[in-house]
Amino acid sequence: VNQFGTSTIYDKKAQGWTGELENIVIYHFLDGLGTVSEDVAVGGRYKNLNALFFDNPMLNLTDVTTPLWEQDPRVKEELEGSRQSQVTPDEELAHCTVIEYTAWPRWKKLQRAEVVENWAAAAA
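For clarity, every value in this text was computed on a predicted model and none was experimentally measured. (Residues numbered from 1 in each chain as written. Predicted model: local features only at pLDDT ≥ 70, side-chain atom pairs only at ≥ 80, totals over all residues. Heavy atoms only, no water.)

(A) Structural view of the layout of surface pockets. Looking at the second largest pocket, its volume works out to about 360 Å³. Along the walls of the second largest pocket sit 18 residues, with Arg45, Lys47, Leu49, Glu77 and Glu78 positioned nearest its centre. Put simply, the parts of the chain that give the lining of the second largest pocket at least two residues each are α1 (49-54) and α3 (73-81). Top contributing element to the lining of the second largest pocket by residue count: α3, with 4 residues. (1 Å grid on protein atoms, 1.4 Å probe; cavity = no way out; pocket = protein on both sides within 12 Å on 5 of 7 lines; lining within 4 Å. Points joined across faces, edges and corners; volume = space filled by probe spheres on them. Helix = DSSP H or I, 4+ residues; strand = E, 2+ residues; numbered from the N terminus.)

This is the structure:
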């Protein structure tokens, strides 16, 4: 079993996964705020993984015998895009942690403020 698979959003050395597709049990979507800093993101844009995995008419989530990446090739493309092909013994992918707000880079604080402002406006 792969220990902890994540999408790669900002850092190819700190995010992603190693191992085999067949061994993924949970795949963690990072940065679930619905936006990314496009000038910093590895892909240069936001990818809506919620829509790809949970609001995708090509996927039958009740079919536990057919892997999702076989049901929709875009799922395989996403998973493979975050796969780290090699991690040498002196390297390791970073463990998932919560970063204190005070340590966030300026762009992340601005992004979060914008999202919170949009949520407040939508709720009003």
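(B) Inspection of the environment of Leu30 at higher detail. Note on placement: Leu30 falls in the loop between β2 (27-28) and α1. Separated by 15 residues in sequence, Leu30 and Gln15 have C-alpha atoms that sit 8.9 Å apart. Leave out the neighbours within four places in its chain, and Leu30 touches Thr6, Ser7, Ile9 and Gln15. (Contact = heavy atoms within 4.5 Å.)

(C) The arrangement of the side chain of Asp72 in detail. Relative to the helices and strands, Asp72 resides in the loop between α2 (68-71) and α3. According to the relative accessible area criterion, Asp72 is buried, its value standing at 1%. Here Asn56 takes part through its side chain, which lies 2.7 Å from a polar atom of the side chain of Asp72. Excluding residues that lie within four positions of it along the chain, Asp72 makes contacts with Leu52, Asn56, Met58 and Leu59. (Buried < 20%, exposed > 50% of the residue type's maximum accessible area, 1.4 Å probe, protein only. Polar contact = N/O pair within 3.5 Å; in protein donor to acceptor, adjacent residues only side chain to side chain.)

(D) Focus on the nonpolar core. Formed by Trp17, Leu21, Ile24, Tyr27, Phe29, Leu49, Leu52, Phe53, Leu59, Trp69, Val75 and Leu79, the largest nonpolar core amounts to 12 residues. Elements supplying a minimum of two residues to this core: α1 and α3. Here this core gets 3 residues from one element, more than from any other, and that element is α1. Sequence-distant contacts of Phe29, defined by excluding residues within four places in its chain, comprise Ser7, Leu49, Asn50, Phe53 and Phe54. (Core = buried A, V, L, I, M, F, W, Y, C linked by side-chain atoms within 4.5 Å.)

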